[in-house]
Amino acid sequence: MSRIVDLDVDIGAEAVDYNAIANQESLSALETEMRKLEGIVKEVMDEMSYLKRREMRFRDTNESTRSRVQTFALFSLACLVSLGVWQIFHLRAFFKRKYLID
């Protein structure tokens, strides 16, 4: 036995019953439509504000990651260069000890 449950949830400006508001406050059709548009505009503004904050957080994360990668690359480069210099001096000393070079 299976049951299907269909749930329809309205949020934001769609959830407000503007006909009830119009009857309660005795608004004309134009005023009711203006209230609907005002609710929609407020939702759009809130969504844009949220997206702006999210984009700022993403940009901060991106810049932080970039600086960490750059620091790691410079550290790796410094390690490789210092290891190369150490190898040159070590091999030179080794060959001088074995009398292979002057």
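Everything that follows concerns the structure shown earlier in this document.
### So, the overall build of the chain
Scanning the chain from terminus to terminus reveals two helices and zero strands. For 102 residues, the compact-globule estimate of 2.2 N^0.38 gives 13 Å, and the chain exceeds it by more than 25% at 35 Å. In terms of overall dimensions, the chain has a C-alpha envelope of 105 × 50 × 15 Å along the principal axes. Residues classed as buried in the chain amount to 4% of the 102 residues present. Carbon and sulfur atoms make up 61% of the accessible area of the chain, which totals about 9800 Å². In the chain, 15 side chains carry a positive charge and 16 a negative one; their mean positions are 24 Å apart.

### Some details on the side chain of Thr32
Of note, Thr32 is situated in helix H2 (residues 29-97). On the basis of relative accessibility, which here comes to 8%, the residue Thr32 falls in the buried class. A distance of 2.9 Å separates a polar atom in the side chain of Thr32 from the backbone oxygen of Ser28. Among residues more than four places away in sequence, those in contact with Thr32 are Tyr18, Ala22 and Leu27.

### As for a negative patch on the surface
Residues Asp6, Asp8, Asp10, Glu14 and Glu43 make up a contiguous surface patch of negative charge. Within the fold, Asp8 resides in the segment before helix H1 (18-25). Using a relative accessible area of 66% as the deciding quantity, one classes Asp8 as exposed.

### A look at a nonpolar patch on the surface
A cluster of nonpolar side chains, Leu30, Met34, Leu37, Ile40, Val44, Met48, Tyr50 and Leu51, forms an exposed patch at the surface whose accessible area comes to about 770 Å². Its location among the elements puts Val44 in helix H2. The exposure class assigned to Val44 is partly exposed, which follows from its relative accessible area of 47%.

### Quick word on the pattern of salt bridges
All chains considered together, the criterion is met by three salt bridges. Where Glu25 meets Arg35, a salt bridge forms, and the shortest distance between an N and an O atom there is 2.8 Å. A residue pair is termed long-range when its members are at least 10 positions apart, and Glu25 in helix H1 and Arg35 in helix H2 qualify at 10 residues. Of the residues examined, Glu25 reaches a relative accessible area of 37% and is grouped as partly exposed.

### Digging into unusual backbone geometry
Of note in the backbone geometry, Ser26 takes a positive phi value of approximately 50° without being a glycine. Here Ser26 lies in the loop between H1 and H2. The class for Ser26 is exposed, based on a relative accessible area of 63%. Of note in this structure, Tyr99 is not a glycine but carries a positive phi near 60°. In this fold, Tyr99 is placed in the segment after H2.

Rules used in this analysis
Residues numbered from 1 in each chain as written. Predicted model: local features only at pLDDT ≥ 70, side-chain atom pairs only at ≥ 80, totals over all residues. Heavy atoms only, no water. Helix = DSSP H or I, 4+ residues; strand = E, 2+ residues; numbered from the N terminus. Rg over C-alpha atoms; globule rule 2.2 N^0.38 Å. Buried < 20%, exposed > 50% of the residue type's maximum accessible area, 1.4 Å probe, protein only. Areas by Shrake-Rupley, 256 points an atom, 1.4 Å probe, with all protein chains shown as cover. Lys, Arg positive; Asp, Glu negative; His and termini not counted. Charge placed at Lys NZ, Arg CZ, Asp CG, Glu CD. Polar contact = N/O pair within 3.5 Å; in protein donor to acceptor, adjacent residues only side chain to side chain. Contact = heavy atoms within 4.5 Å. Patch = residues over 30% accessible without salt bridge, like charges linked within 9 Å, V, L, I, M, F, W, Y side chains within 5 Å. Salt bridge = Lys/Arg side-chain N within 4 Å of Asp/Glu carboxyl O.

Any functional reading would require information that these geometric values do not contain.
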